Amino acid sequence: MEIVAEGLAFPEGPVVMADGSVIVVELAGGRITRCWNGRTETVSQIGGGPNGAAIGPDGALYVCNNGGLDLVNFQNARGAGHEGRIERVDLGSGKVERLYDSCDGIALEAPNDIVFDADGRMWFTDLGKSHDGIRTASGLFSALPNGSAITAINRHAVSYNGVGLSPDGHHVHVADTHQARLWRYERKVESQKPEWVATAPGPVGFDSLAVTAAGNICVATLYAGGITTITPDGRMSKRDIPGERYVTNIAFGGTDRRDAYVTLSTTGRLAKLRWDEPGLELHYNG
């Protein structure tokens, strides 16, 4: 395991760029950071609690922002400026534009992870929020990147986190954190109920995910940290990362797409592992 960067404030959402650098969000730092060869630089001081990120069809970085998280008490920040939202970041200037903070007049709670399909449409999860031990609803949404249209696919989930597309583009896979379950939706912009794929055994949780070229779903796994790989028919295997309670995200890169970039949020590090199969190429890359 190679350490690409360290000293990060709860890194998540790795985005592998064409120049070999990796952009991450720092949830506890409220910033977007570029990492390469042990070096880091701030791309944007976005504020709030950036969670997941993806390059859109226009080359900008689109960010799921949960509004801010108290990592000591593990509950969400409140008040003005702490709204859950989807934001667009110009990677050249660092300028931030808010695109969505509600759907059908209902506020977004804590947008978490995001992926773009071949049509340039974003699919993102909302983890929901916790205040005083009470959780709000979670869900899956789809939206256009110009801020003009957003649709709720499911508003009645428990704790949706990672999201990714199948290689044929027909399905959207979603990981549920607290249930440690993987669900499958059709890639249709309409209200749906999902199909269950798998549930992980033991006291673990699911975070973000990435899909391989063969269609296997690699889910960052919490508490007993590692990466759980789930085949489309629900078979599972796990690669442990000892000493890391919060393995939060995975993204593929490299010339053969077998470099797996993994965020180790317990220790504030971005690591690179060699994977046994190539990752699925995303539709848009920086």
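What counts and what doesn't
- Residues numbered from 1 in each chain as written.
- Predicted model: local features only at pLDDT ≥ 70, side-chain atom pairs only at ≥ 80, totals over all residues.
- Heavy atoms only, no water.
- Helix = DSSP H or I, 4+ residues; strand = E, 2+ residues; numbered from the N terminus.
- Buried < 20%, exposed > 50% of the residue type's maximum accessible area, 1.4 Å probe, protein only.
- Contact = heavy atoms within 4.5 Å.
- Areas by Shrake-Rupley, 256 points an atom, 1.4 Å probe, with all protein chains shown as cover.
- Lys, Arg positive; Asp, Glu negative; His and termini not counted.
- Charge placed at Lys NZ, Arg CZ, Asp CG, Glu CD.
- Core = buried A, V, L, I, M, F, W, Y, C linked by side-chain atoms within 4.5 Å.
- 1 Å grid on protein atoms, 1.4 Å probe; cavity = no way out; pocket = protein on both sides within 12 Å on 5 of 7 lines; lining within 4 Å.
- Points joined across faces, edges and corners; volume = space filled by probe spheres on them.
- Nonpolar A, V, L, I, M, F, W, Y, C, P; charged D, E, K, R; others polar.
- Disulfide = S-S within 2.5 Å.
- Salt bridge = Lys/Arg side-chain N within 4 Å of Asp/Glu carboxyl O.
- Pairing = 2+ DSSP bridges.
- Axes fitted to C-alpha atoms, helices over the stretch in contact; angles between N-to-C directions.

Novice: Please explain the overall build of the chain as it appears in this structure.
Specialist: Across its full length, the chain holds zero helices and 30 strands. Referenced to the eigenvectors of the C-alpha coordinate spread, the extents of the chain come out at roughly 45 × 40 × 40 Å. Residue burial in the chain is summarised as follows: out of 286 residues, 57% are buried. Here the contacts in the chain between residues at least 6 apart in sequence split such that 44% fall between residues at least 24 apart. Summing over all exposed atoms, the chain offers an accessible surface of approximately 11600 Å²; the carbon and sulfur share of this is 48%. Across the chain, the centroid of the 26 positively charged side chains sits 2 Å from that of the 34 negatively charged ones.

Novice: How should I be thinking about the nonpolar core in this particular structure?
Specialist: Side chains of a nonpolar character, in soluble globular proteins, are inclined to be buried together. Judged by nonpolar contacts, the single largest core of 31 residues is most densely connected at Leu-61, Met-122 and Phe-124. Sorting elements by how many residues they give to this core places strand β7 (residues 61-65) first, with four residues. Here Met-122 is in contact with Tyr-62, Ile-86, Leu-99, Tyr-100, Ile-114, Val-115, Phe-116, Phe-141, Ser-142, Ala-143, Leu-144 and Pro-145, once residues within four sequence places are set aside. Core analysis: the second largest hydrophobic core is formed by 14 residues, Cys-218, Ile-241, Phe-252 and Ala-271 among them.

Novice: Could you clarify how one ought to interpret the layout of surface pockets in this entry?
Specialist: To find leftover empty space, a probe the size of one water molecule is rolled over the atoms. Size it by volume and the largest pocket reaches roughly 720 Å³. The wall of the largest pocket is formed by 45 residues, among which Ala-251, Phe-252, Arg-257, Leu-280 and Leu-282 lie closest to the centre. Taken together, the elements giving at least two residues each to the lining of the largest pocket come down to β2 (11-16), β6 (50-55), β14 (111-116), β20 (160-165), β24 (205-211), β28 (247-253) and β29 (259-264). In the lining of the largest pocket, the residues fall into 25 nonpolar, 13 polar and seven charged.

Novice: For this particular structure, what's the right way to read the state of the cysteines?
Specialist: Each disulfide is one covalent bond, formed between the sulfur atoms of two cysteines. On inspection of all chains with the given rule, the structure shows zero disulfides. Here Cys-35 stays unpaired: no disulfide links it, and the sulfur of Cys-64, its closest cysteine neighbor, is 19 Å away. Since its relative accessible area comes to 0%, Cys-35 is described here as buried. Cys-218 takes part in no disulfide bond, and the closest cysteine sulfur to it belongs to Cys-64, at a distance of 20 Å. Note on Cys-218: relative accessible area 0%, which makes it buried.

Novice: Help me understand the pattern of salt bridges in this model?
Specialist: When charged atoms on two side chains of opposite charge get close, those side chains can pair. Applying the stated rule across the entire model yields 18 salt bridges. Notably, a salt bridge pairs Asp-19 with Arg-34, separated by 3.8 Å at the nearest N-O pair. Residue Asp-19 is located in the loop between β2 and β3 (22-26), and its partner Arg-34 is located in strand β4 (residues 31-36); the two are separated by 15 residues in the primary sequence. A residue is classified by how much of its surface remains accessible, and Arg-34, at 14% relative accessible area, is buried. A salt bridge links Asp-233 to Arg-235; the nearest nitrogen and oxygen atoms lie 3.3 Å apart. Side by side, Asp-233 and Arg-235 carry an identical accessibility label, which is exposed. It is possible to trace a salt-bridge network through shared partners that takes in Asp-19, Arg-34 and Glu-41.

Novice: For this particular structure, what's the right way to read the sheet that holds β14?
Specialist: Strands belonging to one sheet form pairs held by backbone hydrogen bonds; the direction of such a pair is parallel or antiparallel. Spatial strand order, β14-β15-β18-β19: four strands in an open sheet with antiparallel pairing. The open sheet has two edge strands with one neighbour each: β14 and β19 (150-157). Neighbour-to-neighbour, the strand axes of the sheet open up by a mean angle of 15°, direction not taken into account. Inspection of the sheet shows β14 paired to strand β15 (residues 122-126) by four bridges, in the antiparallel sense. Among the inter-strand pairings, Ile-114 is bridged to a residue of β15, identified as Phe-124.

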